[in-house]
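Notes for the structure review
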Amino acid sequence: MITTNMTTTSITIDGPLRDRYTEIITPEALQFLTELHDRFAGPRHDILAARMKVRYNLGNGRNLRFLPETESIRSDPEWRVAGAGPGLEDRRVEITGPTDPKMAINALNSGANVWLADLEDATSPTWGNIVGGQLTLFDAVRGQLEFTGEDGRKYSVGETTPTIVVRPRGWHLVEKHLSHTDRAGRRMPTSGSLVDFGLHFFHNAKALIDAGRGPYFYLPKLESHVEARLWNDVFSFAEEYLDIPHGTIRATVLIETIPAAFEMEEILYELRDHCAGLNAGRWDYIFSIIKNFRGRGRSFVMPDRNQITMTVPFMRAYTELLVKTCHRRGAHAIGGMSAFIPNRRDPEVTAVALEKVGADKRREAADGFDGTWVAHPDLIATARAEFDAVLGEQTNQLGRLREDVVVTADQLLDIRSANGLVTDEGVAGNVSIALRYIESWLRGIGAVAIDNLMEDAATAEISRSQVWQWIHQDVVTAEGNQVTAQWVDGIVDEVLGGLPRSAADRFEDAAEVFREVALGEDYPTFLTVGAYSRFLVEQSERLAA
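**Thoughts on the layout of surface pockets**
Taken as a whole, the second largest pocket holds about 760 Å³ of empty space. Along its surface, the second largest pocket is lined by 25 residues, and Trp283, Arg305, Asn306, Phe340 and Leu453 are the ones closest to its centre. Among the secondary structure elements, those contributing two or more residues to the lining of the second largest pocket are helix H10 (282–293), helix H12 (347–367) and helix H15 (424–442). A total of 5 residues in the lining of the second largest pocket trace back to one element, the largest contributor, which is H15. By residue class, the composition of the lining of the second largest pocket is 9 nonpolar, 8 polar and 8 charged.

**Here we look at empty space enclosed by the protein**
Counted according to the given criterion, the structure contains 3 cavities of 30 Å³ or more. Taken as a whole, the largest cavity holds about 180 Å³ of empty space. If you trace the largest cavity, you find 19 residues lining it, with Glu120, Asp121, Leu173, Ala457 and Thr528 closest to the centre. Of all elements in the fold, only H10, helix H16 (457–472) and helix H19 (527–544) reach the threshold of two or more residues within the lining of the largest cavity. Per-element accounting of the lining of the largest cavity gives the leading share, 3 residues, to H16. The residue makeup of the lining of the largest cavity, split by class, is 10 nonpolar, 3 polar and 6 charged. Put simply, the second largest cavity is a space of about 50 Å³. Lining of the second largest cavity is provided by His37, Ala41, Arg44, His45, His180, Met188, Pro189, Thr190 and Ser191. Mapped by element, the contributors of at least two residues to the lining of the second largest cavity are helix H2 (27–59) and strand E9 (187–191). Looking at the lining of the second largest cavity residue by residue, the class counts come to 3 nonpolar, 5 polar and 1 charged.

**With respect to unusual backbone geometry**
Unusually for a residue other than glycine, arginine 402 sits at a positive phi of about 50 degrees. Residue placement: arginine 402 occurs in the loop between helix H13 (380–391) and helix H14 (409–412). One non-glycine residue, aspartate 474, lies in the positive phi region at around 55 degrees. In this structure aspartate 474 comes out as partly exposed when scored by relative accessible area, which is 43%.

**Regarding the packing of aromatic side chains**
Applying the stated criterion to the full structure yields 21 aromatic pairs. Here the aromatic rings of phenylalanine 40 and phenylalanine 237 are separated by 6.0 Å at their centres, their planes lie at 70 degrees, and the arrangement is edge-to-face. Note that phenylalanine 40 is positioned in helix H2 and phenylalanine 237 in helix H7 (residues 225–241), a separation of 197 residues in sequence. Their ring planes at 50 degrees and their centres at 5.6 Å tell us that phenylalanine 197 and phenylalanine 235 sit as a pair that is tilted. Here phenylalanine 197 is found in helix H6 (residues 192–210), whereas its partner phenylalanine 235 is found in helix H7, with 38 residues between them in sequence. Connected via pairs of aromatic rings, a cluster forms that spans Phe32, Phe40, Trp171, Phe197, Phe201, Phe202, Phe217, Trp231, Phe235, Phe237 and Tyr241.

**Remarks on the environment of glycine 444**
Following the sequence through the fold, glycine 444 ends up in the loop between H15 and strand E15 (448–450). C-alpha separation for the pair glycine 444 and glycine 128, spaced 316 residues apart in sequence, amounts to 8.7 Å. Setting aside residues up to four positions removed in sequence, glycine 444 forms contacts with Ser124, Thr126 and Asn129.

**Looking at helix H11 (residues 313–328)**
Counted at 1.5 Å a residue, the expected span for H11 with its 16 residues is 22 Å, and the 22 Å between its end C-alpha atoms agrees. Within H11, 12 of the 16 residues are buried, leaving the element largely enclosed by the surrounding structure. Immediately downstream of H11, the backbone of glycine 330 shows phi near 75 degrees, a positive value.

**Let's talk about the pattern of salt bridges**
Summed over the entire model, instances satisfying the criterion amount to 45 salt bridges. In this structure, the salt-bridge partner of aspartate 121 is lysine 221, at a minimum N-O distance of 3.0 Å. Note that aspartate 121 is positioned in the loop between strand E4 (114–118) and helix H5 (127–141) and lysine 221 in the loop between strand E10 (216–219) and H7, a separation of 100 residues in sequence. Comparing aspartate 121 with lysine 221 shows no difference in burial state: the two are buried. Within this structure, Arg282, Arg316, Glu320, Asp360, Lys361, Arg363, Glu364, Asp367, Arg402 and Asp404 form a network of salt bridges that share partners.

**Details of H13**
Its 12 residues give H13 an end-to-end C-alpha distance of 16 Å, which sits within 8% of 16 Å, the value for a rise of 1.5 Å per residue. All buried positions along H13 are accounted for by Ile380, Thr382, Ala383, Glu386, Phe387 and Leu391. Looking at the packing, one finds that the buried side of H13 touches strand E3 (93–97), H12 and strand E14 (372–374). Two residues or fewer past H13, glycine 392 is found with a positive phi of approximately 60 degrees.

**Quick word on the pairing of E10**
The side-chain alternation of E10 yields two buried faces, one formed by Tyr216 and Tyr218 and the other by Phe217 and Leu219. Pairing between E10 and strand E11 (residues 250–255): 4 bridges, direction parallel. Directly across from tyrosine 216, in E11, lies its bridge partner arginine 250. As a crossover connection, the stretch from E10 through H7 into E11 is right-handed.

Calculation criteria
Residues numbered from 1 in each chain as written. Predicted model: local features only at pLDDT ≥ 70, side-chain atom pairs only at ≥ 80, totals over all residues. Heavy atoms only, no water. 1 Å grid on protein atoms, 1.4 Å probe; cavity = no way out; pocket = protein on both sides within 12 Å on 5 of 7 lines; lining within 4 Å. Points joined across faces, edges and corners; volume = space filled by probe spheres on them. Helix = DSSP H or I, 4+ residues; strand = E, 2+ residues; numbered from the N terminus. Nonpolar A, V, L, I, M, F, W, Y, C, P; charged D, E, K, R; others polar. Buried < 20%, exposed > 50% of the residue type's maximum accessible area, 1.4 Å probe, protein only. Phe/Tyr/Trp six-rings, centres within 6.5 Å; stacked < 30°, edge-to-face > 60°. Contact = heavy atoms within 4.5 Å. Expected span 1.5 Å × (residues − 1). Salt bridge = Lys/Arg side-chain N within 4 Å of Asp/Glu carboxyl O. Pairing = 2+ DSSP bridges. Right-handed = clockwise from strand over helix to strand, strands pointing away.

What follows is the structure, given as C-alpha cells:
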C-alpha cells in the first residue's frame with residue numbers, strides 16, 4: 001500500500017498495481033491528487049447536495065426557469081469566452097470512444113479533427129480501464145501507443161492525429177480504488193472527476209503544449225453554473241500548480257441535463273477564461289428530463305425511445321438555443337451523436353446508417369453548429385461532407401448569430417410536443433437494450449453495438465428510466481397493455497431466454513441490476529452508481545485477493 005501525505009491528508013491506493021501502473025500512479029501524481037481533493041472535495045459535496053434540492057423541488061411541482069439573479073450576465077453584450085485553443089480551431093468532425101489501446105488507435109488514425117477520449121459514458125469504470133485509459137493517453141500524447149491483438153496483428157498510430165479532448169467522469173461518480181483522508185481523519189473514496197482530470201493533466205499537460213496543442217477536456221453532466229465555477233477553480237489551481245499560464249486549459253461543456261439548458265450562458269461565463277464551447281449531449285439530455293420530471297404526470301411522459309428524434313419541438317428548442325448562446329459569446333457549438341452505426345458485413349444496414357447520419361449532420365450544419373460527433377470511423381466521411389458543404393474553407397460558423405431564435409422556458413419543457421406512442425415493441429426494446437448493455441458494462445465494456453445502434457451508459461439510462469416512468473405513470477401501450485412491474489419482469493425472463501448464453505456471461509447480474517433500477521419502487525439517480533459499488537469494485541477486490 002502506497003500513500004502520500006500532506007500534514008494529515010493523504011491519497012491511499014486500494015486497487016492492485018499491475019504492469020506499468022506505477023508510471024501513472026506516481027508519488028508526485030498522488031500528491032497532486034491530494035492537493036485537488038484537499039481543496040475541492042468539500043465543494044464537490046456541496047454541489048451534489050444542491051442537485052438533490054433541485055430534484056426535490058422539481059418533483060414537488062416547481063418548474064425550471066431562466067435565473068432572475070443572473071439576468072445581468074445574460075444581458076451584458078460585451079463578454080466573450082476564451083475560444084478555441086491550438087488544435088481546436090476546426091472541429092467539424094469529432095470521433096468519440098473509449099480509451100482502450102485498440103479503440104484509441106482506430107480513433108487516432110480515423111482522420112477526424114478531434115478524438116474525444118471518453119473516460120465516462122463509453123468506459124466501464126473498472127480499475128483496469130481507468131488506469132489503462134490513463135496509460136493509453138500517456139502513450140498517445142508521446143507518439144508511442146502500440147497494440148498487439150490476440151491474433152498477433154499489430155496496431156500503431158500514423159503521423160497525423162486528431163486533437164485529444166478527454167472526458168473525465170462526472171461530479172457524481174467516485175473512484176473507490178483510491179481513498180482520500182482529510183484533515184479530520186475521515187477516509188472517503190476519491191472523486192472520479194478529480195482523478196481522471198488530475199492524472200491526465202499532471203502527466204500530459206506540458207507534453208501536449210510542447211506538441212502545439214494543449215490540455216483539453218469535455219465536462220459532462222453539469223447541472224448549474226455553480227458546478228462550472230468549481231471546474232474553473234480546479235483549472236486555475238492546476239495551471240498554477242504546474243506553472244502553466246492561466247487560460248491554457250480549454251473546456252467544452254456538454255449541455256446534457258435539463259437544468260443546464262436554463263443556464264448555458266452562465267456556464268459559459270463562469271468558465272470564460274477556459275471555455276472553448278458547448279456540446280449538445282442529446283441522449284443524457286433526454287435521460288435528464290425523464291429523471292427530473294418522472295413523477296410529474298402524463299405531460300412529461302415520453303413515447304418510445306426511437307420516436308424522440310432531434311426534430312421534435314422540445315429538442316429543436318434546446319439545440320437552437322445552444323447554437324445561439326454559443327455564437328453570441330464566441331464559443332463553438334458542437335452537435336451530438338446519432339446512434340446509427342454501419343455494419344461492414346451488411347451493406348443494407350450500412351446504407352441506412354449513412355442515410356440517417358447524413359440527415360442528422362445536414363440538419364446540424366444548417367442550424368449553425370460548428371462541428372459534430374460520430375461513433376465510428378466509417379461515418380466520418382459522411383459527417384464531413386455535410387459540414388464541408390456549409391463551412392467550405394471556414395473553420396466555424398461563429399458569424400451566424402441566430403438572432404432569429406427565441407426560445408422560452410415553456411418550449412424547453414414542452415415534452416408533449418413529441419406526440420408519439422408507447423408500444424409493446426418499445427417496452428420490450430428498452431428491456432433488451434438495457435439488459436445487453438448492462439451485461440457488457442459489467443464485463444468492462446462501456447460502448448456496445450446493439451441492433452446496429454451504438455449504446456453507452458446514457459442510452460441505457462434512457463431505456464431503464466422510461467420503463468420506470470411508464471410503470472409509475474400507469475401507462476397503457478398502443479396495443480392496450482398496461483405497463484406494470486410484473487409484466488416487464490416477464491419480458492426480462494423472455495429476453496434472457498432468447499439470448500445466447502455462456503458460462504462467463506453476466507446476464508444474471510445484469511437482470512438483477514435492471515430489476516433494481518427499473519422495476520423497484522425507488523428510482524436510483526444513476527444505474528451505474530450502485531452497480532459500480534456492488535460489482536466492479538468487489539470484482540477488483542476479488543482479483544486482487
